[in-house]
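Given next are the chains, with one letter for each unit.
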Amino acid sequence: MVLYTQKSLEELRKKVNLHEIISPHIELKKEEDFYFGKCPFHQNNEETFKVIPKSNMYYCQECNAKGDTISFLMIYQKMSFQQAVEFLFLVYEVQSEEILSNKNLENK
Ligand SMILES: [Zn+2]
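Keep in mind the model is a prediction, meaning the values are calculated, not measured.

Looking at the overall build of the protein
The number of helices and strands found in the protein is five helices and seven strands. Along the protein, helices and strands appear, N-terminal first, in the series β-α-α-β-β-β-β-β-α-α-β-α. Expressed along its principal axes, the backbone C-alpha trace of the protein runs to roughly 55 × 25 × 20 Å. Buried positions account for 15% of the 108 residues belonging to the protein.

Right, here's the structure in full:
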């Protein structure tokens, strides 16, 4: 398991755009400051799924599914936390800085 530095994770968080990540998968309509679409996490025909660009969070009024970009990738794309973070580092071209564990330092 790779751990990333707080600095690189913060930089990533600043660049991530949840709407950009979700929109290729789910049709979203803009309404004022939000986007609405059909929830991918439960069966329905109503647009109960809301994306909040300001906080990069999603929320479903019907099934209470909520989360951020990483949890969307983990649930919808079935990625592990590690895979989701790596994917976002690549997409947003943020240099990922890894924290070396004590074991790695000892070997050097
Ligand atoms: Zn839902």
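Re the environment of glutamine 95
Mapped onto the elements of the fold, glutamine 95 is located in the loop between α4 (81–91) and β7 (98–99). Considered as a pair, glutamine 95 and glutamine 6 are 89 residues apart in the sequence and their alpha carbons are 12 Å apart.

Overview of the nonpolar core
Grouped together as the largest cluster of nonpolar side chains are 15 residues, with contacts concentrated most on Leu18, Ile22, Val51, Tyr58, Phe72 and Ala84. Breaking this core down by element, the ones donating at least two residues are α2 (18–22), β4 (49–52), α3 (69–76) and α4. With residues up to four places along the chain from it excluded, the contact list for phenylalanine 72 reads Leu18, Ile21, Ile22, Tyr58 and Gly67.

Side note on α4
Since the α-helix packs 3.6 residues into each turn, any two residues three or four apart lie on the same face. Every buried residue of α4 is accounted for by Ala84, Val85 and Leu88. Along the long axis of α4, the arc covered by the buried residues comes to 95 degrees, so they all point the same way. Looking at the buried residues of α4, the elements they touch are β1 (3–4), α1 (6–15) and α3. Taken from the residues just after α4, glutamate 93 is the one with a positive phi, measuring 50 degrees.

With respect to the environment of leucine 90
Among the structural elements, leucine 90 can be located in helix α4. What makes leucine 90 exposed here is the crowd of 10 C-beta atoms within 10 Å. When the C-alpha positions of leucine 90 and phenylalanine 34 are compared, they lie 26 Å apart, and in sequence the two are 56 residues distant.

A short note on the environment of phenylalanine 72
Mapping phenylalanine 72 onto the fold places it in helix α3. Residue classification places phenylalanine 72 among the buried residues on the basis of 25 C-beta atoms within 10 Å.

Focus on unusual backbone geometry
Backbone geometry places glutamate 32, a non-glycine residue, at a positive phi of 55 degrees. Positive phi, close to 65 degrees, is recorded for asparagine 64, a residue that is not glycine. Mapped onto the elements of the fold, asparagine 64 is located in the loop between β5 (57–60) and β6 (66–68).

Re the pairing of strand β3 (residues 34–37)
Here strand β2 (residues 29–31) runs beside β3; their pairing, made up of three bridges, is antiparallel. In the strand pairing of β3, lysine 30 is matched with tyrosine 35. Taken together, the three bridges between β3 and β4 define a ladder with antiparallel strand orientation. Residue pairing across strands places tyrosine 35 opposite valine 51, the latter belonging to β4.

What counts as what
Residues numbered from 1 in each chain as written. Predicted model: local features only at pLDDT ≥ 70, side-chain atom pairs only at ≥ 80, totals over all residues. Helix = DSSP H or I, 4+ residues; strand = E, 2+ residues; numbered from the N terminus. Buried ≥ 20, exposed ≤ 12 C-beta atoms within 10 Å, placed from the backbone. Core = buried A, V, L, I, M, F, W, Y, C linked by C-beta atoms within 7 Å. Contact = placed C-beta atoms within 7 Å. Arc of directions from axis to C-beta. Pairing = 2+ DSSP bridges.

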